[in-house]
Amino acid sequence: MLAITDLQNLAPARMQRAYGQASVSFHAREGRTHLDRLFQEGCAKLRFPRPLGTDAPQAILINTAGGLTGGDRFGTEVKLAEKAQTCITTQACERVYRSTGADAIVANRLRLSPGARLAWLPQETILFDGGRLSRTLDVDLAGDSELVAVEAVLFGRQAMGETLQSGHLHDRWRIRRDGRLIFADDLRVEGQIAARLGRQPAMAGCRAMATVLFAGPTPERFLEAARSITGSNGGASAWNGKFLARLVEETGLALRRRLEPLLTLLLSGGPLPKVWQL
């Protein structure tokens, strides 16, 4: 048996952290998209259910760790060959729990060849009190490839009586077409988040927000219908081959009720994944 003095001299135990990495690629053959390669490691898993109303495959990203906390690392890489089409979503909302100091790191990389089409549709991220998240989305588009992407954040769960007072969120987007940067966005909120959001005119105390992007031809065709969907709490614009919408709402449910028709519009009427149906 170890003496008390021996126990005191032992190095402090390191807290266990979650790690997950998933990589998937698709190719097109005879007008249909097929899975090419799949790699999954740690707590990152991908599943491929039969999609609704479309021939394009869908992939559901699962974090078997059940959420993220400080020091966790999670990453996804998606590659689409020429003319391949797919939709990537998540099994449920991602939860970011209280951290002892470090950030949870999420790094997503998307690569699209000419003629490819990708819908990047993760469900909402819930940031709990004390949670810390640093997330990146890096996209390389080639030729006439098309992208629909969304990232939505809920600051606490109002329906459960949870209030987020403090935390850290850094969301970084970099999107390039044929090597040229066409869109860059950095969102950073930290410290006393509840107080900061209450003072921001754009948020006006709302606890749910989303960024939606379409990169492809003639994005102006979405503007009129999109602005009727985003309402007075959001906005939409289109320029240089891009459509961008920002949405803010008081609750996650109210945000979802605007997100679903907006994403359906950008998908040209195509169905959302089954897991998006409440």
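(A) The arrangement of the sheet that holds strand β13 (residues 167-177) in detail. Ordered in space as β2-β1-β5-β8-β11-β13-β14, the seven strands form an open sheet in which the pairing is mixed. Edge positions in the open sheet fall to β2 (32-42) and β14 (180-191), since each of these has one partner strand only. Neighbour-to-neighbour, the strand axes of this sheet turn through a mean angle of 5°, independent of strand direction.

(B) Geometry of the packing of aromatic side chains. Evaluated as defined, the whole model comprises five aromatic pairs. Between Y97 and F128, the aromatic rings sit 5.0 Å apart at their centres with planes inclined by 25°, giving stacked as the arrangement. Within this pair, whereas Y97 is found in the loop between β7 (94-96) and β8 (104-112), its partner F128 is found in the loop between β10 (125-127) and β11 (132-141), the two being separated by 31 residues in sequence. Note on Y97: relative accessible area 34%, which makes it partly exposed. When the centroid spacing of 6.1 Å and the interplanar angle of 75° are considered together, the rings of W173 and F183 count as edge-to-face. Of the two residues, W173 is situated in strand β13 and F183 in strand β14; the sequence distance between them amounts to ten residues. In this pair, the class of W173 matches that of F183, namely buried. Among the aromatic residues, those joined into a ring-pair cluster are F214, F222 and F243.

(C) Looking closely at unusual backbone geometry. Of note, the phi angle at T218 is positive, near 40°, even though the residue is not glycine. Here T218 shows up in the loop between β15 (208-215) and α3 (223-230). With phi around 45°, N240 is a residue other than glycine that occupies positive phi space. Positionally, N240 belongs in the loop between β16 (235-239) and β17 (242-249). N240 gets classed as exposed once you look at its relative accessible area, which sits at 67%.

(D) Summary view of the nonpolar core. Counting 47 residues, the largest nonpolar core has L110, L147, F155 and I175 as its most contacted members. Membership of the second largest hydrophobic core comes to 29 residues, among which are L223, A236, L247 and W276.

(E) Structural view of the pattern of salt bridges. Following the criterion strictly, the structure yields twelve salt bridges and no others. Note that D129 is salt-bridged to R98, the shortest N-O span being 3.2 Å. You can see D129 sitting in the loop between β10 and β11 and its partner R98 sitting in the loop between β7 and β8, a full 31 residues away along the chain. Using a relative accessible area of 53% as the deciding quantity, one classes R98 as exposed. Ionic contacts of the salt-bridge type, sharing partners, join the residues E124, R256 and E260 into one network.

(F) View of α3. All of the buried residues along α3 are L223, A226, I229 and T230. Seen end-on, α3 carries its buried residues on one side only, within an arc spanning 125°. Facing away from the buried side of α3, by more than 90 degrees, are the exposed residues E224 and S228. Against the buried residues of α3 lie β16, β17 and α4 (252-266).

The rules behind these values
Residues numbered from 1 in each chain as written. Predicted model: local features only at pLDDT ≥ 70, side-chain atom pairs only at ≥ 80, totals over all residues. Heavy atoms only, no water. Pairing = 2+ DSSP bridges. Helix = DSSP H or I, 4+ residues; strand = E, 2+ residues; numbered from the N terminus. Axes fitted to C-alpha atoms, helices over the stretch in contact; angles between N-to-C directions. Phe/Tyr/Trp six-rings, centres within 6.5 Å; stacked < 30°, edge-to-face > 60°. Buried < 20%, exposed > 50% of the residue type's maximum accessible area, 1.4 Å probe, protein only. Core = buried A, V, L, I, M, F, W, Y, C linked by side-chain atoms within 4.5 Å. Salt bridge = Lys/Arg side-chain N within 4 Å of Asp/Glu carboxyl O. Arc of directions from axis to C-beta. Contact = heavy atoms within 4.5 Å.

Nothing here speaks to function; it is all geometry.
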